[in-house]
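The lines below spell out each chain.
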Amino acid sequence: MVVHTAVAPLQSKDHKTLMDIIDKLRSKGINRYVHLPQIVVCGDQSSGKSSVLQAISGMSFPAQDSLCTRFATELILRRTNEYTTEKCRVSISHSGQHSAEERARLEQFQYSDIPEKGNIGSIIDEAKVVMGVGGDQGKTFSKDVLRIELSGPTQPHLTIVDLPGLFRAGNKEQSAEDAAIVQSLVRSYMKNPRSIILAVVSAQSNFAVQEITQLARNIDARGTRTLGLITKPDTLDVSSNSERDYFNLAQNRDVNFRLGWHVVRNRDFKTRNATDEERDQTETAFFEQGVWAGLPQSQKGISSLRTRLSEVLKDQILDQLPEVLEEIQRGLEDCSNKLNKLGAARSTLVEQRKYLLNASQQFSMLIAEAIGGVYRDKFFGNAREEEGYEKRLRAVLQNILIKFSDEIHVRGQARKVVNSVPSESPRQVSRSAYLKEVDDLMKRTRGCELPGTYNPLVIGELFREQCTPWRGLLDDFSEKIYEAVEYTIDAALTYTVDEDTRDKLFEELINEAMNQLNGHLKSKVNEILRPHEDGHPITYNHYLTEDFQKIRMNRFRENITRGLRESGIGDNTVSHYVNADGCLKSILKHTEADMECLSCSDAVDWMEAYYKVALGQVIDDFSCLAIEDCLISKLPKLFTPEMVFELSDDAVKSIAGESQATADERRFLTDKMEILGSGLAELQRLSKNHQRVNVEDIEKQEIDTPSSPTSEELEDGLTPPETEPAESFASEIPQKKGKKSKKKKSEWEWN
C-alpha cells in the first residue's frame, strides 16, 4: 500500500532548484541589499582552507600559505545526472561601486572551459588583474566576488563563499595594514545573520591561538550558526595530549557549536599531486585507525562533509527564506516611498512645476490632517511610538495647552496669599503680612479719597505685581508649540519631497513664512498681555462681583465661626443657655474694626477676584487668538498649489531642478527596486509551485488511504482488509486539516 505524506521532503530536483534560485538572486546583486543564506569559509592562513575547497570541488585552488586571497570567491557546485559532462563557468560579480566602464570590463570576464588538470589558479590570477588588485595596480583588496560554477555527476548541491585567510604579521607580499583589511572583510561576511560560518581550524597549531576561533565566538557568541572544521589531524602525534584535545573538540565537548564539528585530512606536501581517488583512500585509511576511528562516520571525511554542508545550507535556506521574503518586500516598499518622493525625472520646467504642484497638494493635505486631528495617512505612523505621536500636531498641541493651563494656575501668581503660616516657599505670603504691605502701598499712593477709603488704582498695582510670571509662561509655551509645529512641517516635507528639494523649499519659502508666523505669534502674545501689564483692570464679567462676594463671605464666615467657638459654641455643640452678650462680643472681636485694615482687605479681595477672571481670559486668548489664529490656522498655506503657480520660472528651476546627487539616487533606487522585484518574483513563483505540489500530495493521499468498514459491514461478518499495525500506519498518515503535524527540517515550511 502506498501512503503519501502531506508535505514531501525536499528531493534532489527541488534541492537544486532551491539552490539555483538563491544563487540567481546573488548573481543579480540582491545580496547588496538583503542578506542571503550562505556558507562562508573562514580561517587563518595555512589552516588548509584551499585544500578543503579542492577536495570538495575537485578543482585545484592556489594554496600558498604566505599569500592571502585578495577577494571573496563564491564556489557554486551542482549535481547533474551521470550521463552529462562536467561544466565550468567563471565570472565576476561586481560590488555595484563602479563606473559604467568598469562594470562593463568586469562583466566581460567570462570563462566557460574547464581549466587544464582542474587548476583554477591561472583564472584567479587573471581575475586579480581585471579587478585591479595586487601588484602595482593600486588596490590591495576588492569587494567584487569571483564566481566559480561547477556542475557534474560527482558534485554536491552546494554553494560556499571562500574568504581571504586571517593573518597578523606582514611580509613582502602583504602588510600589517592588509591584515586589518582582511579581518574587516571577513567580519562583514560573518556578521551576516543568515551566514553559516564554517570555521576552519588547523590541528597543526594550538586551537586557542588561532584568530578564527575568537572571531567566531565574538560574532556568533551562542554558536548557533557555526560549524567547526578541523584540518590536518595527521600532523598530531598519536596518543598525545594534543590529539586527545582535538578529538574532544571534534566531539563538541570543548567549544560547543549547535552544528557541531567535522574533521578532514588534507593533502600534505608529499601527496600534493595525488588524484582525488588516492586522496580519499588515504583519508579513509587514516580515519579507520587510532582515536579517530571512534568518531562517527558523519563527522569525518570529505565525502560526509559534502553531504553535511549541503544539508546545513539547505536547512538554513528553508529556515531563513520567510524572513528574506519579508525583507525584500520591506525593501521594495521603502524604494517605492523614496521614488515617490523623488517623483519622475524632472529635466524640463513643466516637469519641475508639476512636481512642486503635486508636492504642495500632498503637503497641504498632511498638515490639514495633522491640525484637524484626522490621522488617516500612513505618514502619521504608529501613535504608540514617539515619532508617530509627534507628527500628530493636534494631539501634541492639546497636551501642551492643557499643561499650560495647569502650569499657569499653579505658578501664575507672583505670590500666593494664604491664611495660615506660609511654608518656606518664597511664592507664599501670609494674609496678615500681605495686608501690611498693602497698607504701606496705600499710604504711598494716597489721592483725594476720604479717610477710611482707598485709591482704586491700588487694585491695578497689586494685580500687575501678581501677574508678572505670565509673560515667562506664555513665552515658554509659545516656544514649545512653535518647536512642535517646526517638527511636523519638517516631517511632512521630508515625507513629500526629496532631501535636496526640501532644503531648497525651506530656504526659498518655508523659513521666511515661518519667521513671519512666529513674529505674528509674539506680537499677539504682547497684545494679550499688554492690558494686564500696562493698563488698569477692566472687565464687565459678572463673575468678578460673584467671586468678590464669595471671597468676602467666606472670610466673614471664618471670622464668625472663630468668634462662636471662643464663646463656647462649637460646630457640634448644643447648649440650652447661651450668653448672647458674650457671644456677640466674641464675634465682634474677630470683625475688622480698623477702617484702614478693612480697606486693605477689600483691595486684596478685589484683586484676587479680578485675577481669577483675568487668568481665564488670558488662557483662552493665548490658546485661541495667539496659537490658533496666528499660527496653527496658517500652516496649510505655507506651501500650496496657488503659490507654485505664482512662482517664477527661475524660482521653480532653483527649487525643483534636479542635482546630480538626486539623479544618482533615483538611478540607485530604480536599480535596487528592479533587483528586489525580480528576486521577489522568483521566490513567490517557487512558493506557489510548492503550494500546488502540496495540495496534489494531500489529494492523492486521501484517494490512496483506505476507508474504514461501516458498522453494517461489520454486523454482516465482513472483515476489514489486513493493514499495517495501527501505530505504524498512524505515524505515516499526515494530521488532518486544523491539526499541527511535525515536519522535518528538510520540508518546505515557508509559504
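Trainee: Account for the overall build of the protein chain, naming residues and giving values.
Mentor: Check the secondary structure of the protein chain and you find 24 helices and 11 strands. When burial is assessed residue by residue, the protein chain has 45% of its 751 residues classed as buried. Contacts in the protein chain between residues at least 24 apart in sequence constitute 78% of all its contacts with a sequence separation of at least 6. About 40,600 Å² of surface is accessible on the protein chain, with carbon and sulfur atoms providing 50% of the total.

Trainee: Go over helix α5 (residues 176-190), please, and point to the residues and values.
Mentor: Taking 1.5 Å per residue as the helical rise, α5 with its 15 residues ought to reach 21 Å, and the 21 Å between its terminal C-alpha atoms agrees with that figure. Within α5, the full set of buried residues consists of Asp178, Ala179, Val182, Leu185, Val186, Tyr189 and Met190. When α5 is viewed along its axis, its buried side chains cluster within an angular range of 135 degrees and face the same direction. Exposed side of α5, more than 90 degrees from the buried face: Glu177 and Ala180 are the residues found there. Buried residues belonging to α5 abut β1 (38-43), β2 (72-79), β5 (145-152), β6 (158-162), β7 (195-202) and α6 (211-219).

Trainee: Explain the side chain of histidine 262 to me, and be specific about the residues and the numbers.
Mentor: Counting through the fold element by element, histidine 262 comes out in strand β9 (residues 261-263). Assessed through its relative accessible area of 0%, histidine 262 is described here as buried. In terms of polar contacts, histidine 262 uses its side chain to reach the backbone carbonyl oxygen of serine 298, at 3.5 Å. One polar contact links the side chain of histidine 262 to the main-chain carbonyl oxygen of glycine 301, over a distance of 2.8 Å.

Trainee: Lay out the pattern of salt bridges with the relevant residues and their values.
Mentor: Counted by the stated rule, this structure contains 31 salt bridges. Close ionic contact of aspartate 162 with lysine 49 constitutes a salt bridge, the shortest N to O distance being 2.8 Å. Here aspartate 162, found in strand β6, pairs with lysine 49, found in helix α2 (residues 49-57); they are 113 residues apart in sequence, far enough to count as distant. For aspartate 162, a relative accessible area of 8% translates into the label buried.

Trainee: How would you summarise the sheet that holds β6 if you had to cite specific residues and measurements?
Mentor: With mixed pairing, the 9 strands of this open sheet are ordered in space as β4-β3-β5-β2-β6-β1-β7-β8-β9. What marks the edges here is a single partner per strand, and that holds for β4 (110-111) and β9. Alignment of β2 against β5, held across 8 bridges, turns out to be parallel. From the neighbouring strand, leucine 75 faces β5, where its bridge partner is isoleucine 148.

Trainee: Outline the side chain of arginine 431, supporting the account with residue identities and numerical values.
Mentor: Considering the arrangement of structural elements, one finds arginine 431 in helix α13 (residues 431-444). For arginine 431, a relative accessible area of 12% puts it in the buried group. A polar side-chain atom of arginine 431 sits 3.1 Å from a polar atom in the side chain of aspartate 605. Apart from the residues lying within four places of it in its own chain, the contact partners of arginine 431 are Val417, Val418, Asn419, Arg555, Ser601, Val604 and Asp605.

Trainee: Now, about the packing of aromatic side chains: what can you tell me, with residues and values included?
Mentor: One pass over the full model with this rule turns up 16 aromatic pairs. Both rings, one in phenylalanine 379 and one in phenylalanine 380, keep their centres 5.0 Å apart while their planes meet at 70 degrees; by these two values the pair is edge-to-face. On the basis of relative accessibility, which here comes to 0%, the residue phenylalanine 380 falls in the buried class. Their ring planes at 55 degrees and their centres at 5.2 Å tell us that phenylalanine 379 and tyrosine 495 sit as a pair that is tilted. Here phenylalanine 379 is found in the loop between α10 (349-372) and α11 (386-391), whereas its partner tyrosine 495 is found in helix α15 (residues 469-496), with 116 residues between them in sequence. With a relative accessible area of 2%, phenylalanine 379 lands in the buried category. Judged by its relative accessible area of 24%, tyrosine 495 falls in the partly exposed class. An aromatic cluster of at least three residues, connected via ring pairs, comprises Tyr375, Phe379, Phe380 and Tyr495. Positioned above the aromatic ring of tyrosine 355, the side-chain terminus of arginine 346 is 3.8 Å from the ring centre.

Trainee: Pulling in residues and values, what's your account of a negative patch on the surface?
Mentor: Together, Asp475, Glu479, Glu483 and Glu486 line one region of the surface with negative charge. Relative to the elements of secondary structure, glutamate 483 occurs in helix α15. Exposure remark for glutamate 483: the relative accessible area of 43% places this residue in the partly exposed category.

Trainee: Account for unusual backbone geometry, with residues named and values stated.
Mentor: Positive phi, close to 75 degrees, is recorded for serine 46, a residue that is not glycine. With respect to the element layout, serine 46 can be found in the loop between β1 and α2. With relative accessibility at 32%, the residue serine 46 sits in the partly exposed group. Of note in this structure, asparagine 252 is not a glycine but carries a positive phi near 70 degrees. Relative to the helices and strands, asparagine 252 resides in the loop between α7 (241-250) and β9.

Trainee: Lay out the packing of α10 against α15 with the relevant residues and their values.
Mentor: Relative orientation and spacing of two packed helices are given, respectively, by the angle between their axes and the distance between those axes. At a minimum axis distance of 10 Å, the contact between α10 and α15 shows a crossing angle of 140 degrees. Taken together, α10 and α15 sit at an angle that is classed as oblique. Crossing hand, α10 versus α15: right-handed. Contact residues: Ala359, Gln362, Phe363, Leu366, Ile367 and Ala370 in α10; Thr488, Ile489, Ala492, Leu493, Tyr495 and Thr496 in α15. Its residues assigned to classes, the contact of α10 with α15 shows 9 nonpolar, 3 polar and no charged.

Trainee: Lay out the packing of α10 against helix α21 (residues 649-656) with the relevant residues and their values.
Mentor: Running from N to C, α10 and α21 point in directions that differ by 70 degrees, and their axes come no closer than 9 Å. What the angle tells us is that α10 and α21 run roughly perpendicular. In contact with Leu349, Gln352, Arg353, Tyr355 and Leu356 of α10, α21 contributes Asp649, Val652, Lys653, Ile655 and Ala656. Grouping the constituent residues of the contact of α10 with α21 by class yields 6 nonpolar, 1 polar and 3 charged.

Trainee: Kindly report on the nonpolar core, identifying the contributing residues and their values.
Mentor: Within the largest apolar cluster, 81 residues are counted, with the highest numbers of intra-cluster contacts made by Trp470, Ile489, Leu635 and Phe639. Mapped by element, the contributors of at least two residues to this core are α10, α12 (393-411), α13, α14 (457-466), α15, α16 (499-533), α19 (595-630) and α21. Counting residues per element, this core draws most heavily on α19, at 15 residues. If we skip the residues at most four places from it in the chain, tryptophan 470 touches Ile408, Gly412, Phe463, Leu529, His532, Tyr611, Ala614, Leu615 and Val618. Core analysis: the second largest hydrophobic core is formed by 60 residues, Met19, Ile124, Met131 and Leu313 among them.

Here is what the cut-offs are and how they apply
Once a new chain begins, its residue numbering starts again from 1 and follows that chain's sequence as written. Only residues with pLDDT of at least 70 are given local features in this predicted model, and only at 80 or more are side-chain atom pairs given and counted; all residues enter the totals for whole chains, interfaces and linings. Note: side-chain values were computed over all heavy atoms of the structure, leaving out hydrogens and water. A run of H or I in DSSP becomes a helix once it reaches four residues, and a run of E becomes a strand once it reaches two; helices and strands are each numbered from the N terminus. A 1.4 Å probe rolled over the protein chains alone gives each residue an accessible area, and that area as a share of the maximum for its type sets the label: buried under 20%, exposed over 50%, partly exposed in between. Contact between two residues is taken to exist if any of their heavy atoms lie within 4.5 Å; hydrogens are not considered. To measure how exposed things are, a 1.4 Å probe is used in the Shrake-Rupley method; for residues, cover is taken only from the protein chains shown. Residue count minus one, scaled by 1.5 Å, sets the expected span of a helix. This arc describes the spread of directions from the helix axis toward the C-beta atoms. Whenever two N or O atoms come within 3.5 Å, that pair is a polar contact, provided that in protein one can donate a hydrogen and the other can accept it, and provided that, for residues adjacent in sequence, both atoms are side-chain atoms. A side-chain nitrogen of Lys or Arg and a carboxyl oxygen of Asp or Glu constitute a salt bridge if their distance falls within 4 Å. At least two bridges found by DSSP between two strands is the condition for calling them paired. Geometry of aromatic contacts follows a simple scheme: Phe, Tyr and Trp rings, the Trp one being its six-membered ring, pair when their centres are within 6.5 Å, and the pair is stacked under 30 degrees between planes, edge-to-face over 60, tilted otherwise. Note on criteria: charge over ring means Lys NZ or Arg CZ within 6 Å of the ring centre, with the direction from the centre no more than 35 degrees off the ring normal. For patch building, the residue pool is restricted to those with more than 30% relative accessible area and no salt bridge; the joining distance is 9 Å between like charges and 5 Å between nonpolar side chains (Val, Leu, Ile, Met, Phe, Trp, Tyr). In this count, Lys and Arg are taken as positive residues and Asp and Glu as negative ones, while His and the chain termini are left out. Each charge is placed at NZ for Lys, CZ for Arg, CG for Asp and CD for Glu. Each axis is a line fitted through C-alpha atoms, taken for helices only over the stretch in contact, and angles between the N-to-C directions span 0 to 180 degrees. Comment on the angle field: the value is read as roughly parallel under 35 degrees, roughly antiparallel over 145, roughly perpendicular from 65 to 115, and oblique elsewhere. For any helix crossing, the convention is left-handed if the near helix is rotated counterclockwise from the far helix by under a right angle, and right-handed if that rotation is clockwise. Only Asp, Glu, Lys and Arg are considered charged, only Ala, Val, Leu, Ile, Met, Phe, Trp, Tyr, Cys and Pro nonpolar, and every remaining residue, Gly among them, polar. Note on terminology: a nonpolar core comprises buried Ala, Val, Leu, Ile, Met, Phe, Trp, Tyr and Cys residues joined through side-chain atoms within 4.5 Å.

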